[in-house]
Amino acid sequence: MRIIRRIAKIVGWLLLLALIIAIVIAWKVFPAVSGYGAKNMCSAVYLQHRQPSDILKEDLASFPLSLGSFTINEKDSSVTGTVWGFAKRKAIFRSRIGSTLINDFTEAEVRAQQFSIPGKPIINTDTIAWPYGGKIVDSIPASINRAKLNAAVDRLMNETANGKPCRTRAVLVLYDGKIVAEKYAPGFDKNTLMLGWSMSKSITGALTGILARQGKVDINKEAPVKEWTGTSKQKITLKDLLQQSSGLDFAEEYDMPSDVTKMLFSKGDMAAYAASRPLQHQPGTVFNYTSGNTNIISRVIRNTVGETAYAAFPYRELFYKINAYSFMLEPDASGTYIGSSYSYATARDFARFGLLYYNNGVWNGQQILPEGWVKASSQPCPANKAGWYGYQFWINGKDEKDSTRRRFPDVPGDLLFCSGYGGQGIFIIPSKKIIAVRLGLNPIDRNQFLKEVIEAIVR
């Protein structure tokens, strides 16, 4: 009997311990689930005009997102997410601003914010030839193996990984600046706004370059972050942030609760949270790719431009100048654009952004980015020995397991690309005159896709 009581006591303690662990995990996981789901459901419904049933079946079907429950309120254009009634998160949609999670600020405070976004030009862009408009002339060079290129695109649209569909929603291929392949999944088309995820970082890098061209920032100087004044973090330069070598202790993990999930789904001022992280390494010495670094840059841009001009700045100085009129950047509850993650645009406009870098920052004869900025963006940062990263752009550096090979072994070494969660990508290969855009839900075999595209561009 004494043994039974002892066993029962041990079992009781184990159950209590299991309960405590479950509560701790739920405390960290549930807010990310409800926040991610509410925010992305809100944007998908009100910005992409998709059906909630499709969003639940595709975007929010995987575990643990499937634990969430999401309520759409048509009266105030919002979505509220919970997990079994806990960890409530609400996202609101505002015209021309997109969706914002309500965190740390009241809903009334967020709704009272003013964003002055310049109007789009009132012209029929379908009558203007690509890339300045949407008129596409079917003039694929005879040197291109059209059948092979179409086969590569079709394979990508139907690609699976680990038995699950990759759900590519848009693929676009440019050769010598001209569209030579374009395809969309059912329910998506050339007018659908797509989520860029971390491709947004490259946009933030471009906006920083524009400020540098205007003489408003010097990336080699200490980043103007007021919280860092008089601290060891004051030595962090804007270049350190651009090259993901700030030295800040910030964990970028999406498969478990981490700094990035806390920032994106539980913080109202994301840049302030990222800036508050302790210094782990000497600035400029250790590569650590984080969304926190980019959101700090985004707030630097805001403070540099000033409140009056900030909301319009990306549109006036970048998007509209490259005839990319669909772009939308979504802000956090503090009103700062979430430069790390939330940009939306059509596949064609993402391709236009790639074309700007392909043309060394020049668009229609105008120097948008500083001379030499694209070259600097494609140079490996000193802290990243594998040579993967420049100024908020990825590079075809060394393979992680075999340093004698490139990361994408079948793709030229001059590959420069934007990369986003779920396999979003703008791939720029100057030596082959190729730009490829892929947008979708789950990662793809990027090396295989680019290899097939290159092989179809017969020389």
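Residues numbered from 1 in each chain as written. Predicted model: local features only at pLDDT ≥ 70, side-chain atom pairs only at ≥ 80, totals over all residues. Heavy atoms only, no water.

Chemist: Describe the layout of surface pockets, naming the residues involved and giving the relevant values.
Modeler: Its boundaries defined by the atoms lining it, the second largest pocket holds a volume of some 600 Å³. If you trace the second largest pocket, you find 28 residues lining it, with Lys120, Tyr325, Ser326, Thr346 and Asp349 closest to the centre. Of all the elements, helix H12 (residues 347–358) adds the most residues to the lining of the second largest pocket, at three residues. (1 Å grid on protein atoms, 1.4 Å probe; cavity = no way out; pocket = protein on both sides within 12 Å on 5 of 7 lines; lining within 4 Å. Points joined across faces, edges and corners; volume = space filled by probe spheres on them. Helix = DSSP H or I, 4+ residues; strand = E, 2+ residues; numbered from the N terminus.)

Chemist: Got a sec to walk through the nonpolar core? Specific residues and values, please.
Modeler: Core analysis: the largest hydrophobic core is formed by 137 residues, its most contacted members being Trp228, Leu318, Phe350, Phe353, Tyr357, Ile426 and Phe449. When sequence neighbours within four positions are dropped, the list of residues in contact with Leu318 reads Ile203, Ala206, Leu207, Ile210, Phe313, Phe353, Leu356 and Ile368. (Core = buried A, V, L, I, M, F, W, Y, C linked by side-chain atoms within 4.5 Å. Buried < 20%, exposed > 50% of the residue type's maximum accessible area, 1.4 Å probe, protein only. Contact = heavy atoms within 4.5 Å.)

Chemist: How would you summarise the sheet that holds strand E9 (residues 194–195) if you had to cite specific residues and measurements?
Modeler: Overall, antiparallel pairing links the three strands, which are arranged E9-E11-E10 in an open sheet. Of all strands in the sheet, those with a lone pairing partner are E9 and strand E10 (328–329), marking the two edges. With two bridges joining them, E9 and strand E11 (residues 343–345) adopt antiparallel strand pairing. In the sheet register, Leu195 faces E11, and the bridge partner there is Tyr344. Relative to the sheet, H12 contacts E9 and E11, its axis offset from that of E11 by approximately 110°. (Pairing = 2+ DSSP bridges. Axes fitted to C-alpha atoms, helices over the stretch in contact; angles between N-to-C directions.)

Chemist: Quick one: what's the story with empty space enclosed by the protein, residue by residue and with numbers?
Modeler: One pass over the full model with this rule turns up three cavities of 30 Å³ or more. Looking at the largest cavity, its volume works out to about 80 Å³. Forming the walls of the largest cavity are Ser200, Ile203, Thr204, Leu207, Ser298, Ile301, Tyr310, Pro314, Leu329, Tyr337 and Gly339. Only helix H5 (199–213) and helix H9 (291–305) provide two or more residues apiece to the lining of the largest cavity. The element best represented in the lining of the largest cavity is H5, accounting for four residues. What the second largest cavity holds in volume is close to 50 Å³. Lining the second largest cavity are 13 residues, with Thr100, Leu101, Leu264, Met270 and Ile338 positioned closest to its centre. Considering each element in turn, the lining of the second largest cavity owes the most residues, three residues, to strand E4 (residues 98–101). When its residues are assigned to classes, the lining of the second largest cavity shows seven nonpolar, three polar and three charged. (Nonpolar A, V, L, I, M, F, W, Y, C, P; charged D, E, K, R; others polar.)

Chemist: Before we move on, could you go through the packing of H5 against H12 and cite the residues and values that matter?
Modeler: Where H5 contacts H12, the axes come no closer than 12 Å and their chain directions differ by 45°. Taken together, the axes of H5 and H12 lie oblique to each other. Seen along the crossing, H5 lies across H12 with a hand that is left-handed. Packed against H5, whose contacting residues are Met199, Ser202, Ile203, Gly205 and Ala206, the element H12 presents Phe350, Phe353 and Tyr357 at the interface. When the residues that make up the contact of H5 with H12 are grouped by side-chain class, the tally is six nonpolar, two polar and no charged. (Parallel < 35°, antiparallel > 145°, perpendicular 65-115°, else oblique. Left-handed = near helix turned anticlockwise from the far one by under 90°.)

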